[in-house]
Amino acid sequence: MDQSEIHRIAQYVTNKTPYGHSEVEDIVQTGILEMVSLAQTSTQKLERQHLLEYVCQWTIRQTKYPETMIREVLQCSGRWLDDLCQTIDHENPKEVSPIE
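Residues numbered from 1 in each chain as written. Predicted model: local features only at pLDDT ≥ 70, side-chain atom pairs only at ≥ 80, totals over all residues. Heavy atoms only, no water.

**Q** Please provide a residue-by-residue account of the packing of helix H3 (residues 48–63) against helix H4 (residues 67–76), values included.
**A** Direction vectors running N to C along H3 and H4 enclose 130 degrees, while the axes themselves pass 10 Å from each other. Between H3 and H4, the interaxial angle falls into the category oblique. Crossing of H3 against H4: the hand is right-handed. Two secondary-structure elements touch here, H3 through Arg-48, Leu-52, Glu-53, Val-55, Cys-56, Gln-57, Thr-59, Ile-60 and Thr-63 and H4 through Glu-67, Ile-70, Arg-71, Leu-74 and Gln-75. (Axes fitted to C-alpha atoms, helices over the stretch in contact; angles between N-to-C directions. Helix = DSSP H or I, 4+ residues; strand = E, 2+ residues; numbered from the N terminus. Parallel < 35°, antiparallel > 145°, perpendicular 65-115°, else oblique. Left-handed = near helix turned anticlockwise from the far one by under 90°. Contact = heavy atoms within 4.5 Å.)

**Q** An account of the environment of Arg-48 is needed here, citing residue identities and associated values.
**A** Residue position: Arg-48 is located in helix H3. A relative accessible area of 27% means that Arg-48 is categorised as partly exposed. When the C-alpha atoms of Arg-48 and Asp-82 are compared, they prove to be 8.3 Å apart, with 34 residues separating the residues in sequence. (Buried < 20%, exposed > 50% of the residue type's maximum accessible area, 1.4 Å probe, protein only.)

**Q** Now, about the pattern of salt bridges: what can you tell me, with residues and values included?
**A** Within this structure, the stated rule accounts for three salt bridges. We note a salt bridge from Glu-53 to Arg-71, for which the minimum N-O separation is 2.9 Å. Placement of the pair is Glu-53 in helix H3 and Arg-71 in helix H4, with a sequence separation of 18 residues. We classify Glu-53 as partly exposed; its relative accessible area is 32%. Residue Arg-71 is classed as partly exposed on the basis of its relative accessible area of 27%. The residue Glu-67 makes a salt bridge to Arg-71 at a minimum N-O spacing of 2.8 Å. In this pair, Glu-67 and Arg-71 are both assigned in helix H4, four residues apart and thus about one turn of the helix distant. (Salt bridge = Lys/Arg side-chain N within 4 Å of Asp/Glu carboxyl O.)

See the structure below:
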């Protein structure tokens, strides 16, 4: 996923939430980068709810934004996070389970 795609996701989420574009983009980018990193280093299969919880907690620690804000932004961008997980799973099925 490139920076223009992250920007597009942030634009969509910004229109659906009361948060500013730069904050939303920071949250989305942090969450996505951690998902990619997790896919490259983990061999454990994770269910959607566990993966989302992990990414939420990671993003909270990294960005210092409030938990409610992080959860709302990541939930709103869930469609893209799901697509990313499916792409990762397709490319490297032993590392990340599909999100259903």
